[in-house]
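# Geometric and topological summary
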Amino acid sequence: MKRALLLAAIVLLPVAVAVFLWSRPAPNPSPEEGRAIAEAFLARIGAGDVREAWDSTTAEFKSAEGQATFQARVAANAWLAKPVAFSSVQRVEVNGVERFEFSFTSTANGKFVRILLARDPRDWKVDRMTL
């Protein structure tokens, strides 16, 4: 009996580890997927759907910047309502975690907006917006 349990443990442990490693979420979306999420967020702002844009952010974003504060920041930066063009994606480290930062340039005045994404809890969402 003990021998059968030991054999089962030896066989099942590597399988369990392999399943865990295979099923865990990726640390980042692909650059293409992340860019599409960031562009959709900025498109909502550009279309005047600021509430929908805020709704598409992570819980941490919402905790750090309430809806009224976010709406005021967008209103104070009216250039965000104008089209923005994708500039670049780069890897950055935030609190010891490697993330992608998506940069966009305003076509109206050349200002930059940078977007970081995070998983919340299963979907990638905007976690930070830096102007």
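In this text the structure is predicted, and so the values were computed from the model without any measurement.

### Focus: the side chain of Ser106
- For Ser106, the location among the structural elements is in strand β2 (residues 97-106).
- Setting aside anything within four residues of it in sequence, one finds Ser106 in contact with Trp79, Pro83, Val84 and Lys111.

### Some thoughts on the pattern of salt bridges
- Per the counting criterion, the structure on display carries seven salt bridges.
- With a closest N to O distance of 2.9 Å, Glu65 and Arg73 form a salt bridge.
- Look at Arg73 and you get partly exposed, because its relative accessible area is 22%.
- Residue Arg91 is joined to Glu98 by a salt bridge in which the shortest nitrogen-to-oxygen separation is 2.7 Å.
- Judged by relative accessible area, which is 54%, Arg91 ranks as exposed.

### What about the environment of Thr57?
- You can see Thr57 is positioned in the loop between α3 (50-55) and α4 (59-64).
- In this structure Thr57 comes out as buried when scored by relative accessible area, which is 0%.
- Along the chain, Thr57 and Lys125 lie 68 residues apart, while their C-alpha atoms are 5.2 Å from each other.
- With residues near it in sequence (within four places) discarded, Thr57 still touches Phe41, Lys62, Asp120, Lys125 and Val126.

What counts and how
- Residues numbered from 1 in each chain as written.
- Predicted model: local features only at pLDDT ≥ 70, side-chain atom pairs only at ≥ 80, totals over all residues.
- Heavy atoms only, no water.
- Helix = DSSP H or I, 4+ residues; strand = E, 2+ residues; numbered from the N terminus.
- Contact = heavy atoms within 4.5 Å.
- Salt bridge = Lys/Arg side-chain N within 4 Å of Asp/Glu carboxyl O.
- Buried < 20%, exposed > 50% of the residue type's maximum accessible area, 1.4 Å probe, protein only.

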